[in-house]
Structure formats: C-alpha cells, structure tokens
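Inside the fold
Here is how the chains run, residue by residue.
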Amino acid sequence: MDTKVAEIIASQPDSVLGFRSFKFGNFEFKRDAYFVHISWPKGSHTMEIDRFLRSLVRDIGWGFFYGWIFFDDVFGTQNHYGTVDIFAGTYSKAHRDSEIDYLETYPTEAVIKAFEAIANDWISEGYDPLRAPLETGSPMGAKGATRTDPLVRGFTPAKRMLGLPGDVSPRSDQSGHPINRAFEDVQFDQPEIITEPGFEGQLHAFNLYDHIARSDVTWNPSVTAVTDASICCVTSEEHMLPCIHGNDRNEWFIQLSDEIHWRIADKNTGMPRGRIIMRSGDVCAMPADIRHQGFSPKRSMLMVMENGTPDLAERYASGELKPYPVEALENA
Ligand SMILES: [Fe+2]
C-alpha cells in the first residue's frame with residue numbers, strides 16, 4: 001500500500017456557525033449545526049455530528065485500536081500499527097459495487113494531528129464526547145467557547161499499585177470522582193488485607209467495582225493492566241458504542257454488571273452475523289473476522305481482554321489462525 005504524506009489544511013471559520021472546514025489528503029470534512037459532510041474524489045457521505053465526534057475522540061484516544069474503527073457503516077479507519085487507512089465505503093458492499101469506495105493510507109502521527117485539529121475546532125465547552133449523552137451537553141448548533149480541558153484523556157501510567165502510597169492514578173478512590181448515579185445502590189465492600197511482618201505498605205487490594213463505578217467516561221478504559229502482550233481493560237458503558245469495532249484478532253468480553261446488547265456483522269460486507277445479549281457474569285469471544293457494536297441500556301461494567309502480540313493481525317489475515325479462539329488455540 002502507498003503511504004500518502006498529507007497535512008491537515010483548515011479553512012477560515014464560516015461566517016454563520018463559526019466552524020472551520022478541513023482537507024486532509026483527498027478527504028474533506030465540513031460540519032453544520034447537525035451533521036458532518038465528508039467528501040472524497042468519487043463520493044460523499046453525511047453523518048450525525050454527535051456520532052462522528054464521539055467516534056473521533058475515541059479513535060484518537062485509543063491510538064486507532066486493534067483493526068478497524070467504523071464511525072458508521074461507511075466511514076472509518078484501519079490501524080496498520082505505524083500507518084492508518086482512512087476509508088469511505090471500502091467495507092460496504094453497496095459502495096464497492098457502485099465503485100464510489102475510497103481509501104488512503106497515512107503515517108499514524110499525521111492522522112492523529114488531523115483528527116485532533118478537527119476535534120479542537122468542532123467541540124465546544126459544555127460538550128464532552130467521552131461522557132454518556134445524559135451526562136453532557138450537545139454538540140449541535142453554532143460554535144461555542146473553546147474547551148480548555150483535554151478533549152482526550154490520555155492514559156496515565158500508575159506509579160504504584162492502585163491504592164498504595166504514591167499512587168497518582170486520577171481515578172483512585174481518593175480522586176474525588178463520585179460513584180456514578182447508576183451504581184449508587186451497589187455495596188462496595190473493601191477487601192481485608194493481612195500483611196506478613198516486614199511487608200507493610202507493599203501489599204494492597206481494592207474493590208475493582210468501586211473503582212469502575214467512579215469512571216466519568218463511557219466506552220473508554222477506566223483501568224488498563226498490561227502484562228507483556230496481555231491487555232486487560234475495564235470500562236463503564238452507557239448508551240451505545242458510537243463506533244463499530246472491526247476485529248483483526250479475537251477479543252474477549254466479561255460482563256461484570258448489568259447488560260450489553262451486541263450487534264455483530266461480517267467485517268467486510270456488514271452483513272448481519274448475530275446478536276448477543278450479555279448479562280452479568282457472561283463471557284464471550286468476538287471472532288477475528290467480524291465487526292461489532294454494543295448498546296448498554298443503563299450504565300454497565302465490562303472487562304475486555306486483548307492479545308497485543310505484534311504479528312497477530314497478519315497471522316489471522318493470512319488464514320494461518322482461524323478466526324475463532326478455540327480453533328486458534330488448537331492451531332497454535
Ligand atoms: Fe471491540
């Protein structure tokens with residue numbers, strides 16, 4: 001694939017709503033009060049501005065994640081871990097058949113810069129796309145005051161285990177983040193810690209539910225534990241995952257509370273493959289050849305396990321590993 005060198009080019013603010021338009025490579029992005037309009041040499045697309053912005057900040061914050069992030073059925077990104085595709089219609093059979101699909105590949109850093117420029121101009125004070133819709137304002141209408149807090153909460157590495165002296169994690173129990181309204185009825189028992197003499201101050205345990213219940217973001221990791229290539233994220237989820245995630249490897253879900261409804265489709269065509277309703281205690285593995293989107297009717301807690309082994313995407317893509325985890329384990 002050819003990697004395109006591109007820089008984001010911004011227009012002057014429009015005189016009516018105050019937003020800039022942007023050109024990046026051969027893609028153009030314009031917004032109005034309700035929608036984003038994306039165009040490319042062979043076609044164009046319109047999407048709700050709220051959904052676009054909620055997907056955009058997560059795509060930046062997740063570093064384009066594993067595989068594909070579909071902002072909707074037409075537009076999205078694919079991570080090649082060093083470069084990123086921006087595509088329109090590439091994974092929509094109708095767009096491919098109509099020959100209006102389009103894809104360009106850029107260095108990762110350039111895409112981050114471009115998406116950050118759009119997010120900074122189009123997201124105003126009072127609207128936080130990482131919060132649940134009931135807990136923030138609206139992005140619709142004219143441009144408001146510029147936001148001064150970070151749009152994307154970057155990951156803060158823990159200096160010590162959560163709760164031990166020296167822990168500076170922003171969501172530790174001492175952070176002042178309140179228990180979310182959805183979890184006010186939950187009992188948060190604290191574990192009993194008995195330390196052998198000489199190890200005082202070095203052993204700790206905490207109630208993970210208490211921790212997740214204080215998360216102020218949705219569909220975005222509250223805590224991530226990384227051990228070599230094993231990645232474990234816990235998240236609180238409410239309303240819908242704004243983007244659709246296309247897997248390039250297996251992904252395990254453990255539903256820790258409440259329920260999430262998953263819509264699962266073929267990654268390349270978007271044809272329906274299944275629906276899963278996960279309730280508290282349920283475990284499932286998303287295959288490596290699907291796209292999926294979650295809907296959480298009320299705030300719930302989810303644990304996500306990812307395998308970050310560097311060459312895994314190619315091994316699945318080549319067919320060396322089957323898309324289902326049990327078959328993959330047998331072949332490993
Ligand atoms: Fe996913």
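Residues numbered from 1 in each chain as written. Predicted model: local features only at pLDDT ≥ 70, side-chain atom pairs only at ≥ 80, totals over all residues. Heavy atoms only, no water.

**Section: the coordination of the iron ion**
Spelled out, the test is: Donor atoms: N, O and S within 2.8 Å of the metal, or within 3.2 Å for Na, K and Ca. Because water is excluded, sites can look incomplete. All geometry calls rest on donor angles, where a four-donor set with angles between 85 and 135 degrees is tetrahedral, four- and six-donor sets with opposite donors more than 155 degrees apart and all others between 65 and 115 are square planar and octahedral, and all else is irregular. When a residue's accessible area, from a 1.4 Å probe over protein chains only, is under 20% of the maximum for its type it is buried; when over 50% it is exposed; and in between it is partly exposed.
Within the protein, the atoms that donate to the iron ion are His245 (ND1), Glu251 (OE), Glu251 (OE) and His292 (NE2), at distances of 2.2 to 2.7 Å. Seen from the iron ion, its 4 donor atoms lie at angles of 51 to 133°, and the figure they make is irregular. Each donor residue of the iron ion belongs to the same chain, with the gaps between them written as H-x5-E-x40-H. The same class applies to His245 and to Glu251, which are both buried.

**Side note on the domain arrangement of the protein**
Stated precisely, the cut-off is as follows: Either an automatic procedure or a domain database provided the assignment from which the domain bounds are taken. Note on definitions: a residue-residue contact is assigned when non-hydrogen atoms from the two residues lie within 4.5 Å. Two parts placed together each lose some accessible area under a 1.4 Å probe, and adding up what both lose gives the buried area. Distance and chemistry together define a polar contact, namely a pair of N or O atoms within 3.5 Å, with one atom able to donate a hydrogen and the other to accept it when in protein, and with adjacent residues in sequence counting only for side-chain atoms on both sides. Secondary structure follows DSSP: runs of H or I at least 4 residues long count as helices, runs of E at least 2 residues long count as strands, and numbering of each begins at the N terminus.
One can read the domain layout of the protein as domain 1 (9-130) and domain 2 (173-331). Once you take the C-alpha centre of each, domain 1 and domain 2 turn out to be 25 Å apart. In this assembly, 20 residues from domain 1 lie in contact with 27 residues from domain 2. Roughly 2,000 Å² is buried in total at the junction of domain 1 and domain 2, and carbon and sulfur atoms are behind 55% of that figure. Counting the contacts that link domain 1 with domain 2 gives 14 residue pairs in polar contact (both at pLDDT 80 or more). The element that contributes the greatest number of residues to the side of domain 1 that touches domain 2 is helix α1 (residues 49-61), accounting for 4 residues.

**Details of the packing of aromatic side chains**
Centre distance and the angle of the planes are the two values used to describe a pair of aromatic rings. We count it as follows: Each aromatic pair joins two rings of Phe, Tyr and Trp (for Trp, the six-membered one) with centres within 6.5 Å, and gets the label stacked for planes under 30 degrees apart, edge-to-face for over 60, and tilted for any other angle. Two limits define a charge over a ring: the Lys NZ or Arg CZ must be within 6 Å of the ring centre, and within 35 degrees of the ring normal.
A full pass over the atoms with the stated rule returns 24 aromatic pairs. Measuring from centroid to centroid gives 5.2 Å for Phe71 and Phe75, while their planes differ by 90°, and the two rings are edge-to-face. Comparing Phe71 with Phe75, the two get one shared label, buried. Sitting above the plane of the Phe19 ring, Arg31 keeps its charged end 3.9 Å from the centroid. Sitting over the ring of Phe70, Arg291 keeps its end group 4.1 Å from the ring centre.

**So, the sheet that holds strand β3 (residues 27-31)**
Sheet strands associate in pairs through backbone hydrogen bonding, adopting either a parallel or an antiparallel arrangement. In plain terms, the rule: At least two DSSP bridges between two strands are needed for those strands to be called paired. Comment: axis = line fitted to C-alpha atoms, over the contacting stretch for helices; angle = value between 0 and 180 degrees taken between N-to-C directions.
With antiparallel pairing, 5 strands are arranged side by side in an open sheet as β1-β2-β3-β4-β5. Single-partner strands in this sheet number two, and they are β1 (9-10) and β5 (43-48). Direction of pairing for β1 relative to strand β2 (residues 22-24): antiparallel, over a ladder of 2 bridges. Across the sheet, the residue bridging to Ala10 is Phe22, located in β2. α1 rests against β3, β4 (35-40) and β5 of the sheet, and its axis sits at about 90° to β5. On top of the sheet, helix α3 (residues 108-122) reaches β2, β3 and β4; it is set at about 170° to β2, its chief contact.

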